[in-house]
Amino acid sequence: MKAYLTTVRVYWRTFVITSGVLLAAGLTWLSLTPLQYVSNVQLLVSINGSSTATAYQNDDVASGRVSSYIALLTSDVVSQRVI
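The text that follows walks through the structure, step by step, so that each part is easy to find. (Residues numbered from 1 in each chain as written. Predicted model: local features only at pLDDT ≥ 70, side-chain atom pairs only at ≥ 80, totals over all residues. Heavy atoms only, no water.)

## Notes on the overall build of the protein chain
Rule in force here: To qualify as a helix, a DSSP run of H or I must reach at least 4 residues; to qualify as a strand, a run of E must reach at least 2; elements of each kind are numbered from the N terminus. Residue burial is assigned from relative accessible area. The probe radius is 1.4 Å, only protein chains are included, and a residue is buried under 20% of its type maximum, exposed over 50%, and partly exposed in between. Using a 1.4 Å probe, accessible areas were evaluated by the Shrake-Rupley method; residue-level cover was limited to the displayed protein chains.
Within the protein chain, the secondary structure is distributed over three helices and zero strands. Along its sequence from the N terminus, the protein chain presents helices and strands in the succession α-α-α. Counting over 83 residues, the protein chain shows a buried share of 4%. For the protein chain, the accessible area works out to roughly 8000 Å², and carbon and sulfur atoms hold 63% of it.

## What about helix H1 (residues 2-32)?
The periodicity of an α-helix, 3.6 residues per turn, causes residues three or four places apart in sequence to face the same way. Note the threshold: A helix is expected to reach a length of 1.5 Å times the quantity of its residues less one. Here the bend at each residue means the angle between axes fitted to two seven-residue stretches, the one ending at that residue and the one beginning there.
End to end, H1 covers 43 Å across 31 residues, agreeing with the expected 45 Å (1.5 Å per residue, within 8%). Within H1, the axis deviates most sharply at Tyr11, by approximately 65 degrees. Counting buried residues along H1, only zero of its 31 residues qualify, which leaves the element largely exposed.

## Some details on a nonpolar patch on the surface
Just so we agree on the cut-off: To count toward a patch, a residue needs a relative accessible area over 30% and no salt bridge; like charges are then connected within 9 Å, while nonpolar side chains (Val, Leu, Ile, Met, Phe, Trp, Tyr) are connected within 5 Å. By definition, a salt bridge exists where a carboxyl oxygen of Asp or Glu is found within 4 Å of a side-chain nitrogen of Lys or Arg.
On the surface, a nonpolar cluster with roughly 450 Å² of combined accessible area is contributed by Met1, Tyr4, Leu5 and Val8. Looking at the secondary structure, you find Met1 in the segment before H1.

Next up, the structure:
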């Protein structure tokens, strides 16, 4: 314990300077980094009355719906409501 206290007394300036530099660097990084908001969503696209026999035929319809949903979800209107 005595050796530890002796080391602290000898290197206290180094500790204070290093802590101050790291604190300044962290505050600078926080103030210069723009805020970024991220959101994730999963959608299940299905067709009412779909059965296994018609699933392949409905695949084109579901693909078309997905394309329209992507355009809707990435629109500015939805982004503003999320924010």
